[in-house]
Amino acid sequence: MKELKVRDVMTADPTTLKRNDKLTLADDIMRLGRVRHLPVLDDEGQNLVGIVTQRDLFRDALAQALGYGKHAQRKLLDSLAVKDVMATEVVTVRPDASLVYAARVLTERKIGCLPVVENGRLVGILTEGDFVALIARTS
């Protein structure tokens, strides 16, 4: 396991958003694709500028608790852009980093994913789920 690199386990070419996309799109992708983290690219789709997580969309649950119906919740999400809720301080990792290093970063920072960046471009994403899948494959 010590020899494994991030590139050996990451999900290549992850689904992404752009910062001006509506939160309804993020919500739909997360629900339908069963993903919890979406990297956000600049308007040209080139550079990583942020990340939106399922936690960022828990406003949906808050809206429901406040008495908004499904239609009102969708309207609320549709009124916000990804840039309104995304985290802009994104911790990243290189594809040639050791898997042990990446695991330490996830644990120490208490984050659920690491966008994988090479030469300024997003090339993948490493999530807690990738570690679970690795253990399942090797056991």
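Residues numbered from 1 in each chain as written. Predicted model: local features only at pLDDT ≥ 70, side-chain atom pairs only at ≥ 80, totals over all residues. Heavy atoms only, no water.

1. A few points about the overall build of the protein
Helices and strands together make up the secondary structure of the protein, namely six helices and six strands. Helices (α) and strands (β) of the protein occur, in sequence order from the N terminus, as α-β-β-α-β-β-α-α-α-β-β-α. Counting all 139 residues of the protein, 37% fall into the buried class. A sequence separation of at least 24 residues applies to 60% of the contacts in the protein between residues at least 6 apart. (Helix = DSSP H or I, 4+ residues; strand = E, 2+ residues; numbered from the N terminus. Buried < 20%, exposed > 50% of the residue type's maximum accessible area, 1.4 Å probe, protein only. Contact = heavy atoms within 4.5 Å.)

2. Re the pairing of strand S5 (residues 113-118)
Counting buried positions over the six residues of S5 gives five, a clear majority of the element. Where S5 lies against strand S6 (residues 121-127), six bridges are found, and the strand directions are antiparallel. Each residue of the ladder has a partner; that of leucine 114, found in S6, is leucine 126. Hairpin connection, S5 to S6: the antiparallel pair is bridged by two residues, and asparagine 119 has positive phi, about 50°. (Pairing = 2+ DSSP bridges.)

3. What about the pattern of salt bridges?
Within this structure, the stated rule accounts for four salt bridges. Note that aspartate 43 and arginine 19 form a salt bridge whose closest N and O atoms lie 3.8 Å from each other. One end of the pair, aspartate 43, is in the loop between strand S3 (37-41) and strand S4 (48-53); the other, arginine 19, is in the loop between strand S2 (17-18) and helix H2 (23-33), and 24 residues separate them in sequence. Residue classification places aspartate 43 among the partly exposed positions, given a relative accessible area of 38%. The shortest N-O distance in the salt bridge between arginine 31 and aspartate 27 comes to 2.9 Å. With arginine 31 and aspartate 27 both in helix H2 and four residues apart, this pair spans about one turn of that helix. Of the residues examined, arginine 31 reaches a relative accessible area of 47% and is grouped as partly exposed. On the basis of relative accessible area, aspartate 27 is assigned to the buried category, the value being 8%. (Salt bridge = Lys/Arg side-chain N within 4 Å of Asp/Glu carboxyl O.)

4. Regarding the pairing of S4
Within S4, five of the six residues are buried, leaving the element largely enclosed by the surrounding structure. Relative to S4, S3 is paired through five bridges, and the arrangement is antiparallel. In the strand pairing of S4, leucine 38 is matched with valine 52. The antiparallel hairpin formed by S3 and S4 contains six residues in its connecting segment, where glycine 45 sits at a positive phi of about 70°.

5. Here's the deal with unusual backbone geometry
Within the chain, lysine 110 stands out as a residue other than glycine whose phi angle is a positive 55°. Among the secondary structure elements, lysine 110 is positioned in the loop between helix H5 (99-109) and S5. According to the relative accessible area criterion, lysine 110 is exposed, its value standing at 72%. Of note, asparagine 119 is a non-glycine position whose phi angle comes to about 50°, a positive value.

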